[in-house]
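Observations on chain architecture
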Amino acid sequence: MTSRTGFFVLSGVLLLVALLCVGEGVQLIATGKPLGIGIGLCAFVIPVIGLWFLRQTVRFGRASERLARELEAEGGLPVDELKRTTGGRIDRDSADAVFARRRTEAEAAPGDWRVWFRLAVAYADAGDTPRARKTMQHAIKLHSTEPARSNA
């Protein structure tokens, strides 16, 4: 299953659970008992949190894809230069070497979203997803604050 397919399946499940929570919340409120009303109101909070998280994930994905398309148009996407094991897994030493180079590039140009994008890819290749996501968020922030280029 691809990441995109998995995302849509999990999003559908989240929406189904949100509907079930709202339905149960309505039934609990309809009991008219103070405890039922309290729990019913709390049941409305769960879908709100889930839908907020889904929205943030979609926004992050779209922004990342926008940066990737722009970087590809500039010819600056990172090339897959990683060595792989016979089983197809990324060689850890190879990922560490690429990561060290990307980190040095980011330190040399801290205001350039392009180097932070490539560093985020290196983090992901090294298997450090939380740092990859945080670094990609930094690249998105830098990109959004970059002055617009004029085509004149």
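It should be emphasised that the depicted structure is a prediction, and the values quoted were computed from it without experimental measurement.

This part is about the layout of surface pockets. Size it by volume and the largest pocket reaches roughly 660 Å³. Taken together, 18 residues line the largest pocket, and the ones lying closest to its centre are Ser-3, Phe-7, Thr-57, Val-58 and Gly-61. If you tally residues by element for the lining of the largest pocket, the top one is helix α2 (residues 34–74), at nine residues. Looking at the lining of the largest pocket residue by residue, the classes come out as eight nonpolar, six polar and four charged. Taken as a whole, the second largest pocket holds about 180 Å³ of empty space. Contributing to the lining of the second largest pocket are Gln-56, Arg-59, Phe-60, Ala-63, Arg-133, Gln-137 and Ile-140.

Okay, the confidence of the model for the protein next. For the protein, the mean per-residue pLDDT works out to 89, and 96% of the residues sit at or above 70. Within the protein, helix α3 (residues 92–108) has the poorest average pLDDT of any element, 89, and helix α5 (residues 129–145) the best, 94.

Right, let's get into the packing of helix α4 (residues 113–125) against α5. Between α4 and α5, the least distance of the axes is 8 Å, while the angle of their chain directions is 165°. Considering the angle they form, α4 stands roughly antiparallel to α5. Here the hand of the crossing between α4 and α5 comes out left-handed. In this structure, α4 contributes Trp-113, Trp-116, Phe-117, Leu-119, Ala-120, Tyr-123 and Ala-124 to the contact, and α5 contributes Arg-131, Ala-132, Thr-135, Met-136, His-138, Ala-139, Leu-142 and His-143. Looking at the contact of α4 with α5 residue by residue, the class counts come to 11 nonpolar, three polar and one charged.

Here we come to the packing of α2 against α5. Look at α2 against α5: their axes get within 10 Å of each other, and the N-to-C directions meet at 65°. As judged from the angle between their axes, α2 and α5 are roughly perpendicular. α2 and α5 meet at a crossing whose hand is left-handed. Taking contact as the criterion, the partners of Thr-57, Phe-60, Ala-63, Ser-64, Arg-66, Leu-67 and Glu-70 in α2 are, on α5, Arg-133, Met-136, Gln-137, Ala-139, Ile-140 and His-143. Among the residues forming the contact of α2 with α5, the class breakdown is six nonpolar, four polar and three charged.

About the thresholds
Residues numbered from 1 in each chain as written. Predicted model: local features only at pLDDT ≥ 70, side-chain atom pairs only at ≥ 80, totals over all residues. Heavy atoms only, no water. 1 Å grid on protein atoms, 1.4 Å probe; cavity = no way out; pocket = protein on both sides within 12 Å on 5 of 7 lines; lining within 4 Å. Points joined across faces, edges and corners; volume = space filled by probe spheres on them. Helix = DSSP H or I, 4+ residues; strand = E, 2+ residues; numbered from the N terminus. Nonpolar A, V, L, I, M, F, W, Y, C, P; charged D, E, K, R; others polar. pLDDT = per-residue confidence, 0-100. Axes fitted to C-alpha atoms, helices over the stretch in contact; angles between N-to-C directions. Parallel < 35°, antiparallel > 145°, perpendicular 65-115°, else oblique. Left-handed = near helix turned anticlockwise from the far one by under 90°. Contact = heavy atoms within 4.5 Å.

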